[in-house]
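# Residue-level structure breakdown
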Amino acid sequence: DAHPVVKFFLLIFGAATFQHSVLTWSSDHRRHHKNIDQDDDPYSIKKGFWFAHIGWLLTNEVEKPGFENVYDLE
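The structure presented is a predicted model; accordingly, all values stated were derived computationally and were not measured. (Residues numbered from 1 in each chain as written. Predicted model: local features only at pLDDT ≥ 70, side-chain atom pairs only at ≥ 80, totals over all residues. Heavy atoms only, no water.)

## Let's talk about helix H3 (residues 49–58)
- Listing the buried residues of H3 in full gives Phe51, Ala52, Gly55 and Trp56. For H3, the buried positions fall inside an angular range of 115 degrees around the axis, keeping them on one side. Exposed residues pointing more than 90 degrees away from the buried face of H3 are listed as Phe49, Trp50 and Leu58.
- Here the buried face of H3 lies against helix H2 (22–34). (Buried < 20%, exposed > 50% of the residue type's maximum accessible area, 1.4 Å probe, protein only. Helix = DSSP H or I, 4+ residues; strand = E, 2+ residues; numbered from the N terminus. Arc of directions from axis to C-beta. Contact = heavy atoms within 4.5 Å.)

Shown next, in the form of structure tokens:
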């Protein structure tokens with residue numbers, strides 16, 4: 001557990017990177033580590049270098065998975 005000031009700092013500056021909400025980013029990141037370079041990987045390098053690093057931010061998935069994998073953060 002981090003100190004509340006550290007949590008606040010990370011929340012604010014993490015949001016400032018424009019990588020969607022904290023819960024969305026956390027959910028996607030956990031899905032990424034669970035499914036690296038598979039079809040369910042939201043940042044799969046198989047979709048191309050550009051997509052894996054920046055492109056995923058610019059696309060809108062039609063159906064976003066829920067937040068079941070980040071229940072501990074809600």
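What follows picks up the thread again.
## Section: the environment of Gly14
- Among the structural elements, Gly14 can be located in helix H1 (residues 4–15).
- Sequence separation between Gly14 and Trp25 is eleven residues, and the spatial gap between their C-alpha atoms is 9.5 Å.

## Focus on H2
- End to end, H2 covers 18 Å across 13 residues, agreeing with the expected 18 Å (1.5 Å per residue, within 8%).
- Turning to H2, its buried residues are Thr24, Ser26, Ser27, Asp28, Arg31 and His32. (Expected span 1.5 Å × (residues − 1).)

Nothing here speaks to function; it is geometry throughout.
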